Amino acid sequence: GSRVLDIGSGSGYLTHVLANLVVNPSSTSEADGQVIGVDHIPELVELAQTNMRKSKDGSNFLDSGRVKFITADGRLGWKEGAPYDAIHVGAAAHHLHPVLIEQLRAPGRMFIPVEAEDDEASFGLGGGQYIWVVDKSGDGSVRKEKVFQVSYVPLTDRPGR
């Protein structure tokens, strides 16, 4: 029954996994869980939809609206579907975007790779990115924890053509 935002949904693989975790496949109501995948590259959004339709459950998720793929700037989240119980960001942000924290339900949790501050050592792994876990408590207070170093592609806008 949870609402999840998957930013940088790419091929749709993780979006489908998340849907299997939070959506009842026999239900036809968005109230029984929804996952929204956001990517800024239209071709990846089309690929994700094609990949999702390769399974019966995936087709049902799309047809019922319990999974949606949106072409948009993931740095802005997807306000139309907020608030979210969980937000996953699959690309490294330059900073923790406050708009994403605003779209997180209280209580809720976000996982986001973030570039390290300039004065932090990178240990040779892709410029010092770290996964941050951001928890919003029921009272709206926010706790942020840097948990481990990673190397992700950057969270950006659509490349120019």
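Each chain carries its own residue numbering, running from 1 in the direction its sequence is written. Reporting in this predicted model follows two pLDDT cut-offs: at least 70 for local features of residues, and 80 or more for side-chain atom pairs to be given and counted; totals over whole chains, interfaces and linings ignore these cut-offs and use all residues. Derived side-chain values reflect all non-hydrogen atoms in the structure, with water molecules and hydrogen atoms excluded from consideration.

Q: How do you make sense of helix α2 (residues 42-52) when you look at a structure like this?
A: For an α-helix, the turn length of 3.6 residues means that residues three or four places apart are oriented alike. To sort residues, take the accessible area from a 1.4 Å probe on protein chains only and compare it with the maximum for the residue type: under 20% means buried, over 50% means exposed, and anything in between is partly exposed. Helix and strand definitions here come from DSSP, where helices need a minimum of 4 consecutive H or I residues and strands a minimum of 2 consecutive E residues; each element is numbered from the N-terminal end. Among the residues of α2, those classed as buried are Val 45, Ala 48 and Met 52. One side of α2 carries all its buried residues, which in axial view fall inside an arc of 60°. At its buried positions, α2 is contacted by α1 (13-22), β2 (34-39), α3 (56-64) and β3 (67-71). Directions pointing from the helix axis toward each C-beta atom define the arc. The contact definition used throughout considers only heavy atoms, calling two residues in contact when any of these lie within 4.5 Å.

Q: Quick question: what am I supposed to make of the packing of aromatic side chains here?
A: Each aromatic ring pair is specified by the distance between its two centres and by the angle formed by the two planes. Ring pairs are drawn from Phe, Tyr and Trp, using the six-membered ring of Trp, whenever the two centres fall within 6.5 Å, and their geometry is named by plane angle: stacked under 30 degrees, edge-to-face over 60, tilted for the rest. Scanning the model with the defined rule gives zero aromatic pairs in all. A cation sits over an aromatic face here: Lys 146 above Tyr 130, 4.4 Å from the ring centre. Throughout this description, the term charge over a ring refers to an Arg CZ or Lys NZ atom that lies within 6 Å of the ring centre and within 35 degrees of the ring normal.

Q: Help me understand the side chain of Asp 135 in this model?
A: Its location among the elements puts Asp 135 in strand β6 (residues 129-136). Distance and chemistry together define a polar contact, namely a pair of N or O atoms within 3.5 Å, with one atom able to donate a hydrogen and the other to accept it when in protein, and with adjacent residues in sequence counting only for side-chain atoms on both sides. Engagement of the side chain of Asp 135 in a polar contact is seen with the side chain of Arg 109, the distance being 2.5 Å. In this structure Asp 135 touches Gly 108, Arg 109, Ser 141, Val 142 and Arg 143, once residues within four positions along its chain are discounted.

Q: I'm lost on the sheet that holds β3 in this one. Help?
A: Sheet strands pair by backbone hydrogen bonding; their relative direction is either parallel or antiparallel. Between any two strands, at least two bridges found by DSSP are needed for them to pair. Within the open sheet, the seven strands sit side by side as β3-β2-β1-β4-β5-β6-β7. Their pairing is mixed. The sheet terminates laterally at β3 and β7 (142-150), the two strands that pair on one side only. Put simply, the sheet's adjacent strands are angled 15° from each other on average, direction ignored. In this sheet, strand β5 (residues 104-115) lies alongside strand β4 (residues 84-89) in parallel orientation, the contact comprising four bridges. If you follow Tyr 84 over to β5, its bridge partner there is Leu 104. Whenever a helix is involved, its axis is fitted only over the stretch in contact; in every case the axis is a line through C-alpha atoms, and angles between N-to-C directions fall within 0 to 180 degrees.

That is the geometry; function is a separate question.
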